[in-house]
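# Working through the structure, step by step
The lines below spell out each chain.
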Amino acid sequence: MFALKSAGMTLDIPPSAAPGGYILTREARIPNTLRVPVRARIFARIEAVAALPRLLAATAGEQVLVLGAGSNVVFTHDFDGVVLQWANRGIEEGGAGRVRVAAGEQWDGLVRWSLHAGYAGLENLILIPGTVGAAPLQNIGAYGVELAEFIAAVTAWDRAQHKFVELSPADCAFAYRDSVFKRESGRYIISMVEFALPRARGLVLDYRGVREELAAMGVTSPTHADVGRAVERLRLHKLPNPMQIGNVGSFFRNPVLECGPADVLRRRYSTLPMYAVDGGRVKLSAAWLIESCGLKGQRKGDAGISDRHALVLVNHGRATGAEILALAHTVQAAVEERFGIVLQLEPKVL
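Source: prediction; values computed, not measured.

Once that is clear, we can look at the packing of aromatic side chains. This model, assessed by the stated rule, comprises 10 aromatic pairs. Ring centres 5.6 Å apart and planes at 80° place the aromatic pair Phe181 and Tyr188 in the edge-to-face group. The pair Phe181 / Tyr188 is uniform in exposure class, with both members buried. Ring geometry for Tyr207 against Tyr275: centres 6.3 Å apart, planes inclined by 10°, an arrangement best described as stacked.

Soluble, globular proteins show a tendency: their nonpolar side chains are buried together. In this structure, Phe252, Ile290, Ile341 and Leu343 are the most contacted members of the largest nonpolar core, which totals 45 residues. Counting residues per element, this core draws most heavily on helix 9 (residues 321-339), at 6 residues. When neighbours within four sequence positions are excluded, Leu343 is seen to be in contact with Phe252, Arg253, Pro255, Ala286, Leu289, Ile290, Val331, Gln332 and Val335. Grouped together as the second largest cluster of nonpolar side chains are 41 residues, Val101, Ala135, Leu167 and Phe181 included.

Another aspect to go through is the environment of Val312. Looking at the secondary structure, you find Val312 in strand 20 (residues 312-315). Val312 sits in the buried class, given a relative accessible area of 2%. As for Val312 and Asn247, which are separated by 65 residues in sequence, their C-alpha atoms are 6.9 Å apart. Filtering out sequence-adjacent residues up to four positions away, Val312 remains in contact with Leu239, Pro240, Asn247, Gly249, Ser250, Gly304, Ile305 and Ser306.

Quick look at the confidence of the model for the chain now. Mean pLDDT over the chain: 91, with 94% of residues reaching 70 or higher. Every residue in residues 1-19 is under pLDDT 50, and counting partners more than four places away or in other chains gives 43 contacts.

Let us now look at the pattern of salt bridges. Tallied over the full model, the rule gives 17 salt bridges. Its salt-bridge partner being Asp302, residue Arg299 comes within 3.0 Å of it at the nearest N-O pair. By relative accessible area, Asp302 is classed as partly exposed at 24%. One network of salt bridges, in which partners are shared, links Arg41, Glu62 and Asp80.

Okay, the pairing of strand 11 (residues 151-158) next. Taken across its 8 residues, strand 11 has 8 buried, putting it largely inside the fold. The pairing of strand 11 with strand 13 (residues 188-196) spans 7 bridges and is antiparallel. In the strand pairing of strand 13, Val154 is matched with Val193. One ladder, built from 5 bridges, connects strand 11 with strand 12 (residues 163-167); its direction is antiparallel. When the bridges of strand 12 are listed, Asp158 appears paired with Lys163. Counted between consecutive antiparallel strands, the loop separating strand 11 from strand 12 contains 4 residues, among which His162 sits at a positive phi close to 60°.

What follows concerns the pairing of strand 6 (residues 79-86). Counting buried positions along strand 6 gives 7 out of 8 residues, so the element sits mostly inside the fold. Examined bridge by bridge, strand 3 (residues 39-46) and strand 6 share 6 bridges and lie parallel to one another. Residue Ile42 lies in a different strand from strand 6, and its bridge partner there is Val82. Pairing geometry for strand 4 (residues 64-67) and strand 6, over 4 bridges, is parallel.

A sheet is described by the order of its strands in space; here 4 strands give the open sequence 14-20-19-18, paired in antiparallel fashion. The open sheet has two edge strands, strand 14 (246-250) and strand 18 (299-300), and neither has a second partner. For strand 19 (residues 303-305) and strand 20, the ladder comprises 3 bridges, and the chain directions are antiparallel. In the strand pairing of strand 20, Ile305 is matched with Leu313.

Thresholds, definitions, all that
- Residues numbered from 1 in each chain as written.
- Predicted model: local features only at pLDDT ≥ 70, side-chain atom pairs only at ≥ 80, totals over all residues.
- Heavy atoms only, no water.
- Phe/Tyr/Trp six-rings, centres within 6.5 Å; stacked < 30°, edge-to-face > 60°.
- Buried < 20%, exposed > 50% of the residue type's maximum accessible area, 1.4 Å probe, protein only.
- Core = buried A, V, L, I, M, F, W, Y, C linked by side-chain atoms within 4.5 Å.
- Helix = DSSP H or I, 4+ residues; strand = E, 2+ residues; numbered from the N terminus.
- Contact = heavy atoms within 4.5 Å.
- pLDDT = per-residue confidence, 0-100.
- Salt bridge = Lys/Arg side-chain N within 4 Å of Asp/Glu carboxyl O.
- Pairing = 2+ DSSP bridges.

Here it is as structure tokens:
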């Protein structure tokens, strides 16, 4: 049996008990951490998983967008369709470290709950904005850890088969910032994620800055909770807070090259950070490439490149999504001209 809990460690009301199942609002502003002013013709907050098929039937023929917390999407215009956002909550513990989490739970809340409950592994992923349901889409990762390491199963509504399906980790086809949910965009609507969380696991400390931050904290024998605090301190120091200035976190993916081209760059640019990845390939630092083009801290109007981290584009006030996207294209062009590398965008652009 699973015991219902929540990320706030308080008893939650089962989503099935929500009256009506969903709430519709017309001409509603779409929440997004980039803080661009956009609206949806219809905005639907889904409180009960069982209501999803009814909602989709009621809005048949409409363009549909599933939104997490709006923390990894760039809107360039209003959305002429239906935006769906999960409002379901609940964390259910089972045996053997299995934990089932509703799509509407906040990711950072889950990480903190897991540490409080004595689980290990998610601490390097602390403070990543967004919801649990959106996390598998691009296989979120940070400080040497990826979400895919802990996925046991994903439950989703399959819009092709018109039914709920359970996908195994292999079915999810996870890769670096990628998954079947991203490659087959629009097909799956994730309603629940099941994790396999260990009680004990080796600490991941080799990502740049983690050991140094632990030392600055005076920690010599770190626990998983200590690592979580160190990563949180690093993120707060290095990355602009979306609560203070509009952004979607990393705007560009770190490029991954075969060894041959990477060796050529290594000989030309000895300080370019490189990390070995699976398949004998090499991951480069996109932030270093952008900084080397002299772009860190630059801005055009209210669209800017953060002066704290070159991977992050920010909205200084009234920038539109189109203006921020134009700045991203300027960054791509500069990096390609100097290094011959085309940076790929990390957020979804609409």
